[in-house]
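Notes for the structure review
In case you want the letters, here they are:
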Amino acid sequence: MASKLPVIWIGYLLGAATILAEFIAVDLHPELAKGGAIPPLYLFLVSFVGGVYWFVCIYRYHIILAQIPGWKHPISPARAVGFHFIPLYNLYWVFVWPKEIAKFVNARLRAPVMKPLPVGIAFLGALVLRILDPGFGLILLFFPLSYISECLRRAFAVTPTHADASPSASPE
């Protein structure tokens, strides 16, 4: 299962490309630095692709968790991504789905290894920063995903027992 985890470095690369595009855009169009000007399309595109890839990674995590024998993951991949598009609820949602992943990781490892609250706080901070600076915000969105991937790798490395197979409680 660990080999099916999303490739996070692609997100970091897209974040760096967004920062590079920001510098190029400001260099070619100095009025952007003063505000009020419309950014060029290439800046929007690279940032947009990075955001879409972030959703792809979230979708992938939930696909993987749904396929684990003996584990009933309460969040479908479509819900995991779709609820990010509900205004204001999305600010809560970045705390819910990491908590459900943490339930699996912590049950499999039989220890509270994954801490979902810092993950949610990191996502929330990155989303706010993404409004102010799309490139740095995008890079920061992938830091918690790196943490989630590492926690899942550790959980997949452990041989599951009967106690791990109990279904997790559903959110809400």
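Look a little higher up for the structure.
These numbers come from a predicted model, not from an experiment.

Quick look at the pattern of salt bridges
Summed over all chains, the structure comprises 2 salt bridges. Measuring nitrogen to oxygen at the nearest pair gives 3.2 Å for the salt bridge that ties Glu 100 to Lys 103. With Glu 100 and Lys 103 both in helix 5 (residues 89-109) and 3 residues apart, this pair spans about one turn of that helix. Among the residues examined, Lys 103 registers a relative accessible area of 29% and is labelled partly exposed. Two residues, Arg 153 and Glu 150, come together in a salt bridge whose shortest N-O distance is 3.9 Å. With Arg 153 and Glu 150 both in helix 7 (residues 134-157) and 3 residues apart, this pair spans about one turn of that helix. A residue is classified by how much of its surface remains accessible, and Glu 150, at 41% relative accessible area, is partly exposed.

Observations regarding helix 5
With 21 residues, helix 5 extends 30 Å from end C-alpha to end C-alpha; this agrees with the ideal 30 Å at 1.5 Å per step. Just downstream of helix 5 lies Arg 110, where phi reads positive at about 55°.

Overview of the layout of surface pockets
Of the pockets and cavities examined, the largest pocket occupies roughly 300 Å³. In terms of lining, the largest pocket is formed by Gly 51, Trp 54, Phe 55, His 84, Phe 85, Asn 90, Leu 91, Leu 127, Val 128, Arg 130, Ile 131 and Leu 141. Counting residues per element, the ones that place at least two in the lining of the largest pocket are helix 3 (41-66), helix 5 and helix 6 (116-132). Among the elements that take part in the lining of the largest pocket, helix 6 stands out by supplying 4 residues, more than any other.

Rules used throughout
- Residues numbered from 1 in each chain as written.
- Predicted model: local features only at pLDDT ≥ 70, side-chain atom pairs only at ≥ 80, totals over all residues.
- Heavy atoms only, no water.
- Salt bridge = Lys/Arg side-chain N within 4 Å of Asp/Glu carboxyl O.
- Helix = DSSP H or I, 4+ residues; strand = E, 2+ residues; numbered from the N terminus.
- Buried < 20%, exposed > 50% of the residue type's maximum accessible area, 1.4 Å probe, protein only.
- Expected span 1.5 Å × (residues − 1).
- 1 Å grid on protein atoms, 1.4 Å probe; cavity = no way out; pocket = protein on both sides within 12 Å on 5 of 7 lines; lining within 4 Å.
- Points joined across faces, edges and corners; volume = space filled by probe spheres on them.

Note that every value here comes from positions in space, so none of it alone points to a role or purpose.
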